[in-house]
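# Working through the structure, step by step
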Amino acid sequence: MKVFQITNIKDFMNKLLLSELFDHFLLSEASIQTKVTYIIDGRLTKDFWTKEELEEEDLCSLPYAPFSLLRNDCCNLIKGKKTPAAFKFIFMLSPDNLANTLAKFRSGFSPEDLNGVFLNIKYADGRLTYTTGVSYQSFTLDKSFEQYWDKLAAKFLTAHGIDFEELT
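Everything in this summary refers to the structure shown in the same document. Being a predicted model, the structure only gives us computed values, none of them experimental.

## A look at the packing of aromatic side chains
By the definition in use, this model includes 19 aromatic pairs. When the ring of Phe 22 is compared with that of Phe 25, the centres are 5.9 Å apart and the planes differ by 35°; the resulting orientation is tilted. For the residue pair Phe 22 and Phe 25, the accessibility class agrees, reading buried in each case. Taking the centre distance of 5.7 Å and the plane angle of 85° together, the rings of Phe 48 and Trp 49 count as edge-to-face. What links up through ring pairs into an aromatic cluster is the set Phe 12, Phe 22, Phe 25, Phe 67, Phe 87, Phe 89, Phe 91, Tyr 123 and Phe 156.

## A short note on the pattern of salt bridges
Here the idea is simple: oppositely charged side chains can pair when their charged atoms come close. Tallied over the full model, the rule gives 5 salt bridges. Between Glu 166 and Lys 2 there is a salt bridge, with its nearest N and O atoms 2.9 Å apart. A residue pair is termed long-range when its members are at least 10 positions apart, and Glu 166 in strand S8 (residues 164-166) and Lys 2 in the segment before strand S1 (3-6) qualify at 164 residues. By relative accessible area, which is 45% here, Glu 166 ends up partly exposed. Under the relative-accessibility criterion, Lys 2 is labelled partly exposed at 26%.

## Structural notes on the nonpolar core
Within soluble globular proteins, side chains that are nonpolar generally end up buried alongside one another. Of all hydrophobic cores here, the largest spans 52 residues; its most connected members are Phe 12, Leu 16, Phe 22, Phe 89, Phe 91, Ile 121 and Tyr 130. What Phe 89 contacts, discounting residues up to four positions off in sequence, is Leu 16, Leu 27, Glu 29, Ala 30, Ile 32, Phe 67, Cys 74, Ile 78, Leu 119, Asn 120 and Ile 121.

## Thoughts on helix H3 (residues 67-78)
Phe 67, Leu 70, Arg 71, Cys 74, Cys 75 and Ile 78 are the residues of H3 that are buried. For H3, the buried positions fall inside an angular range of 150° around the axis, keeping them on one side. At the exit of H3 stands Gly 80, carrying a positive phi of roughly 150°.

Reading the values: rules and limits
Residues numbered from 1 in each chain as written. Predicted model: local features only at pLDDT ≥ 70, side-chain atom pairs only at ≥ 80, totals over all residues. Heavy atoms only, no water. Phe/Tyr/Trp six-rings, centres within 6.5 Å; stacked < 30°, edge-to-face > 60°. Buried < 20%, exposed > 50% of the residue type's maximum accessible area, 1.4 Å probe, protein only. Salt bridge = Lys/Arg side-chain N within 4 Å of Asp/Glu carboxyl O. Helix = DSSP H or I, 4+ residues; strand = E, 2+ residues; numbered from the N terminus. Core = buried A, V, L, I, M, F, W, Y, C linked by side-chain atoms within 4.5 Å. Contact = heavy atoms within 4.5 Å. Arc of directions from axis to C-beta.

Written out as structure tokens, the structure reads:
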């Protein structure tokens, strides 16, 4: 696990909420504190969708919604004259992106070995942090994939011109 502090909050927020940069991640959950606290459970409500819509949006195999489906809603909750008191977004890799990431890493881990690979974005007390995380199905002493994910997450920030400082 690595924690990065985002040093240009305005630029990051524009990239998060006004661009497609994070759209390929699944939104596990979010909380946004403005005049009230909004809690978003990112689990897809499959009964809401028709079978055709699920297929058309490529949602059939996904447990959580891609951020692309919720980004505008989140943006509308955050935008305004006042800065939110706090917010938190928990993103995870989609099953396809997890499989691709594991294949590039060439480890003995399979998607079934992991509960999820996460990016946590948290704003509180005027600070914005970006934290990596890996949840394993069972205990392992092998942290090589976690270290790989930490490096990929930092590369993602750098590749998209996001200014940050590593805290841990």
